[in-house]
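Read off the chains here:
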Amino acid sequence: MPFPNGSELRPSFVLAALPGPEGAQSWVAALLCGAYVVALAGNGAVLLAVRLEPGLHVPMYLFLCMLAAIDLALSTSTVPRVLSFYWFGTREISFGACLLQMFLIHALSAVESTVLLAMAVDRYVAICHPLRHAAVLTNAATARIGLAAMARGVLFFLPLPLLLLPLPFCGSRALSHSFCLHQDVMNLACANTTPSVVYGLTAILLVMGLDAVLICLSYLLILKAVLRLAAWKERLKVFSTCIAHICVVLAFYVPLIGLSVVHRFGRDLAPLVHITMGNIYILVPAVLNPIIYGVRTKQIQRRILTLI
């Protein structure tokens, strides 16, 4: 049904909630809140531990700080809004707030992907060219990489909300997820969305797709260098320095690929699948990343225990 007075141009959208009785939704809200608190505490502890431990002021852990800050921003831009409609029933989100949330999710995801690539390059230089590591990856270079990652995310994904801004929305306002994603919002427009489709796919391939390929290439080169070592013990010791980063990469890219597959091929799937995959994409990296590095890094463990 069209909206009166031309309001179809600037509708409010209805966020998706998990189907089921009110009691079940309360449990879902409690789980989301618990995961969000773990993400806040874990990433905050990592930031504080690296800040207070001089021995961690090296590129690898400065990149980890960037990752923690991104996860905090990404989860905070979505989870409180999700909890508000589970607890208070406010499922509508305004057009402007939806576009802002959509931009933040995609831009921050792009920044995180770039930082993961930088961490892979850091591991490659440390293992394959150890004598050049200190000269190539200085703290100043790390800061420049962080700024470049932010600029890359903003420049590539700022056009997404701008392309949706002039489109009319005159049909359903119901979204498939508990937050706003580009493809989800775009599908509700009652106009030609080809420019948005083409640009969105191009941006994803040039950022996340290219980063994934370069990360795989970095690890192929690392594996080649490790296999040249004579002793198995030495090979395992060197490669073990990459385990935490590999786990973090998987925690980011597996939910991302799963969400993309659900969007592309799962239109007939139950709403539960779409909502669950969206929540996993937002929360799993933020929850797992500090746990992974906290378990693998003794300096972080010691500093956190000291703070406690």
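Residues numbered from 1 in each chain as written. Predicted model: local features only at pLDDT ≥ 70, side-chain atom pairs only at ≥ 80, totals over all residues. Heavy atoms only, no water.

Under an unreviewed UniProt entry, the protein chain has the name Olfactory receptor and belongs to Cephalopterus ornatus. As its UniProt record puts it under Sequence similarities (unreviewed entry), the protein chain is described as follows: "Belongs to the G-protein coupled receptor 1 family." (UniProt positions renumbered as here; feature names shortened; annotations may be inferred.)

A.B. asks: Could you clarify how one ought to interpret the nonpolar core in this entry?
C.D. replies: One recurring pattern in soluble globular proteins: nonpolar side chains tend to sit buried together. Among the nonpolar cores identified, the biggest contains 84 residues, and Phe13, Tyr86, Val115 and Leu116 are the most heavily contacted of them. The greatest single-element share of this core, amounting to 17 residues, is contributed by helix α4 (residues 95-128). Not counting residues up to four positions away in its chain, the partners in contact with leucine 116 are Leu67, Ile215, His245, Val248, Val249, Phe252 and Tyr253. (Core = buried A, V, L, I, M, F, W, Y, C linked by side-chain atoms within 4.5 Å. Buried < 20%, exposed > 50% of the residue type's maximum accessible area, 1.4 Å probe, protein only. Helix = DSSP H or I, 4+ residues; strand = E, 2+ residues; numbered from the N terminus. Contact = heavy atoms within 4.5 Å.)

A.B. asks: Help me out: how do you make sense of the packing of aromatic side chains in this one?
C.D. replies: The way to describe two aromatic rings as a pair is by their centre distance and the angle between their planes. Going through the model one piece at a time under the given rule, you end up with five aromatic pairs. Judged by centre distance (6.1 Å) and plane angle (35 degrees), the ring pair of phenylalanine 13 and phenylalanine 95 falls under tilted. Of the two residues, phenylalanine 13 is situated in strand β1 (residues 13-14) and phenylalanine 95 in helix α4; the sequence distance between them amounts to 82 residues. Following the ring pairs from residue to residue traces out a cluster consisting of Phe13, Phe95 and Phe169. (Phe/Tyr/Trp six-rings, centres within 6.5 Å; stacked < 30°, edge-to-face > 60°.)

A.B. asks: Help me out: how do you make sense of the side chain of threonine 142 in this one?
C.D. replies: Within the secondary structure layout, threonine 142 lies in helix α6 (residues 139-157). Not counting the four nearest positions on each side in its chain, threonine 142 is found in contact with Pro59, Leu62, Phe63 and Met66.

A.B. asks: Can you help me understand a nonpolar patch on the surface in this one?
C.D. replies: Residues Leu210, Leu214, Leu217, Leu220 and Leu221 make up a contiguous nonpolar surface patch of about 420 Å² in total accessible area. The topology assignment puts leucine 210 in helix α9 (residues 194-227). (Patch = residues over 30% accessible without salt bridge, like charges linked within 9 Å, V, L, I, M, F, W, Y side chains within 5 Å. Areas by Shrake-Rupley, 256 points an atom, 1.4 Å probe, with all protein chains shown as cover. Salt bridge = Lys/Arg side-chain N within 4 Å of Asp/Glu carboxyl O.)

A.B. asks: What am I meant to see in empty space enclosed by the protein here?
C.D. replies: Take a probe with the size of a water molecule and roll it over the atoms, and the empty space left behind shows itself. As enumerated under the stated definition, the model contains three cavities of 30 Å³ or more in all. Reported here for the largest cavity is a volume of approximately 60 Å³. Around the largest cavity, the lining residues are Asp71, Leu74, Ser75, Ser109, Glu112, Phe252, Tyr281, Ile282, Pro285 and Ala286. Residue assignment for the lining of the largest cavity shows that the elements contributing at least two residues are α2 (59-76), α4 and α12 (271-296). (1 Å grid on protein atoms, 1.4 Å probe; cavity = no way out; pocket = protein on both sides within 12 Å on 5 of 7 lines; lining within 4 Å. Points joined across faces, edges and corners; volume = space filled by probe spheres on them.)

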